[in-house]
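Chain by chain, the residues run as shown.
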Amino acid sequence: MDRAGATPPAPALADFPWAKATEPALPAGSRPAAGQPPRRWRANFYRIERPRGSPPELSCWSPTLTEPADFHRPDRFGVLELR
């Protein structure tokens, strides 16, 4: 919220020129059989850039703090809250 108590607008995909639109797939077994889906999800988003002649550039939303980089660490995932 800003100082006036208003919620700022969510960032648009255009605000992140490096981002590409994605449609995440959720495993069928990860949702309850009936009712609403869970509001909280553990997740991580990462980016790997391989510029020619340079070492790979690795970044992620929730750092895994591993060396070498390992983005498959659910214990280090962040939390998404769906509204």
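Reference entry: report on the structure contained in this document. (Residues numbered from 1 in each chain as written. Predicted model: local features only at pLDDT ≥ 70, side-chain atom pairs only at ≥ 80, totals over all residues. Heavy atoms only, no water.)

### Description of the overall build of the protein
Rules: Each helix is a run of H or I in the DSSP string that is no shorter than four residues. Each strand is a run of E no shorter than two, and both are numbered from the N terminus. Classification of residues uses two cut-offs on accessible area relative to the type maximum, computed with a 1.4 Å probe and protein chains only: under 20% is buried, over 50% is exposed, and between them is partly exposed. Note that accessible areas follow from Shrake-Rupley with a 1.4 Å probe, and for residues the cover is restricted to the protein chains shown.
A tally of helices and strands in the protein yields 0 helices and 4 strands. Counting helices and strands in the order they occur from the N terminus, the protein gives β-β-β-β. Burial status across the protein gives 8% buried among its 83 residues. When the accessible surface of the protein is summed, it comes to about 7600 Å², and 56% of that surface belongs to carbon and sulfur atoms.

### Description of a nonpolar patch on the surface
Stated formally: The patch calculation keeps residues exceeding 30% relative accessible area without a salt bridge and links them within 9 Å when they carry like charges or within 5 Å when they are nonpolar (Val, Leu, Ile, Met, Phe, Trp, Tyr). What makes a salt bridge here is a side-chain nitrogen of Lys or Arg within 4 Å of a carboxyl oxygen of Asp or Glu, nothing more.
Together, Tyr-46, Ile-48 and Leu-58 make up a nonpolar patch on the protein surface, roughly 280 Å² of accessible area in all. With respect to the helices and strands, Leu-58 occurs in strand S3 (residues 57-60). Residue classification places Leu-58 among the partly exposed positions, given a relative accessible area of 45%.

### What about the side chain of Thr-64?
Tracing the backbone through its elements, the reader meets Thr-64 in the loop between S3 and strand S4 (78-81). The buried category is assigned to Thr-64, whose relative accessible area is 7%.

### Some points on unusual backbone geometry
In the segment running from Glu-67 into Pro-68, the intervening peptide bond is cis, with an omega of 0 degrees. Tracing the sequence through the fold places Pro-68 in the loop between S3 and S4. The residue Leu-65 is not glycine, and still its phi comes out positive at about 55 degrees. Structurally, Leu-65 is set in the loop between S3 and S4. Taking relative accessible area as the criterion, Leu-65 reaches 70% and is therefore assigned exposed.

### Digging into the packing of aromatic side chains
Stated precisely, the cut-off is as follows: In this analysis, rings of Phe, Tyr and Trp, with Trp reduced to its six-membered ring, are considered paired at centre separations within 6.5 Å, and the interplanar angle assigns stacked below 30 degrees, edge-to-face beyond 60, and tilted for intermediate values.
Tallied over the entire structure, the rule returns 2 aromatic pairs. Pairing Phe-45 with Trp-61 gives two aromatic rings, centres 5.6 Å apart and planes at 65 degrees, and the pair type is edge-to-face. You can see Phe-45 sitting in the loop between strand S1 (40-43) and strand S2 (46-49) and its partner Trp-61 sitting in the loop between S3 and S4, a full 16 residues away along the chain. A relative accessible area of 43% places Trp-61 in the partly exposed class. Centroid distance Tyr-46 to Phe-71: 4.8 Å. Interplanar angle 10 degrees. Geometry classified as stacked. Of this pair, Tyr-46 sits in strand S2 while Phe-71 sits in the loop between S3 and S4, and the two are 25 residues apart along the sequence. Its relative accessible area of 10% is what places Phe-71 among the buried residues.

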